[in-house]
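Okay, here's what each chain looks like letter by letter:
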Amino acid sequence: MAAKGVLMRVLLAACGVLLAGLTWAVEPAVTPAQARAISAECVEVLLQINQSLSDNYYHAGAFMKAVDVLERIVVLDPHDVQSYASAAWLAWSSKDHDRALAIYDRLIAANPDSPDAYFEVGLYYTRVQQDEAALRWLAGALARGLAGPRRHLYGHTLARVGRTAEARAFWHTLLADDPANEVAKREAARLTQGQPPAPE
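A brief report on the enclosed structure follows. The structure displayed is predicted, hence computed values, not measured ones. (Residues numbered from 1 in each chain as written. Predicted model: local features only at pLDDT ≥ 70, side-chain atom pairs only at ≥ 80, totals over all residues. Heavy atoms only, no water.)

## Let's talk about the packing of aromatic side chains
Okay, step 1: Tallied over the full model, the rule gives six aromatic pairs.
Okay, step 2: Taken together, a centroid distance of 5.3 Å and an interplanar angle of 45° make the contact between tyrosine 104 and tyrosine 124 tilted. Remark: tyrosine 124 occurs in helix α6 (residues 115-127) and tyrosine 104 occurs in helix α5 (residues 97-110); sequence separation between them is 20 residues. The two residues tyrosine 104 and tyrosine 124 agree in class, both being buried.
Okay, step 3: Ring pairs connect the aromatic residues Trp92, Tyr104, Tyr124 and Tyr125, which therefore count as one cluster.
Okay, step 4: Sitting over the face of the ring of phenylalanine 119, arginine 150 holds its NZ or CZ atom 5.0 Å from the ring centroid. (Phe/Tyr/Trp six-rings, centres within 6.5 Å; stacked < 30°, edge-to-face > 60°. Helix = DSSP H or I, 4+ residues; strand = E, 2+ residues; numbered from the N terminus. Buried < 20%, exposed > 50% of the residue type's maximum accessible area, 1.4 Å probe, protein only. Lys NZ or Arg CZ within 6 Å of the ring centre and 35° of its normal.)

## As for a nonpolar patch on the surface
Okay, step 1: Taken together, the side chains of Tyr58, Phe63 and Trp89 define a hydrophobic patch exposed on the protein surface, amounting to about 280 Å² of accessible area.
Okay, step 2: Inspection of the secondary structure puts phenylalanine 63 in helix α3 (residues 63-76). (Patch = residues over 30% accessible without salt bridge, like charges linked within 9 Å, V, L, I, M, F, W, Y side chains within 5 Å. Areas by Shrake-Rupley, 256 points an atom, 1.4 Å probe, with all protein chains shown as cover. Salt bridge = Lys/Arg side-chain N within 4 Å of Asp/Glu carboxyl O.)

## Considering the nonpolar core
Okay, step 1: Among the nonpolar cores identified, the biggest contains 41 residues, and Tyr104 and Trp171 are the most heavily contacted of them.
Okay, step 2: Elements supplying a minimum of two residues to this core: α3, α4 (81-93), α5, α6, α7 (131-143), α8 (152-160), α9 (164-177) and α10 (182-192).
Okay, step 3: No other element matches the seven residues that α4 contributes to this core.
Okay, step 4: Those residues within four positions of tyrosine 104 in sequence are excluded, and the remaining contacts are Ala88, Trp89, Trp92, Glu120, Val121 and Tyr124. (Core = buried A, V, L, I, M, F, W, Y, C linked by side-chain atoms within 4.5 Å. Contact = heavy atoms within 4.5 Å.)

Laid out in structure tokens, this is it:
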């Protein structure tokens, strides 16, 4: 990964120099703001090229090549949570859990305050049936402001590991926030009546 990062920075620098040179040829008085805009345009071009390439590899079934490209994308944009998540998903779906976990580590290191980043790691652990680990990461996502239906995964996972009282309290918390939340209504009622949680 370090070698890939160095290569990407070299390509980015070369692209920036080329575009800056072309701009200088047209207008010598390039301001620092204009130079930054040129650099940003260069990054955007490289992102588009790599995203297209990743899609092509994915649809061709060359999943690990797609992972390689997605890892180049996050060098260019370390805050692109979806590209990290896609790379990790493709890696663990291809049975390379070590690589997936390494990708998740970089995701969190680059995005320590992102609820989306924490949710993706929690989702991974639910998929590999490590629910206690999943709960820790999902709790981290909630603490960082995770919103919307993705919060439901925490309640489902609590119930699945037998932490019924906590699950029931969680569903009631969601209902207090949104009384029209039908999933929270259903799950709170099931747990109150002693019924098993519904399939996710």
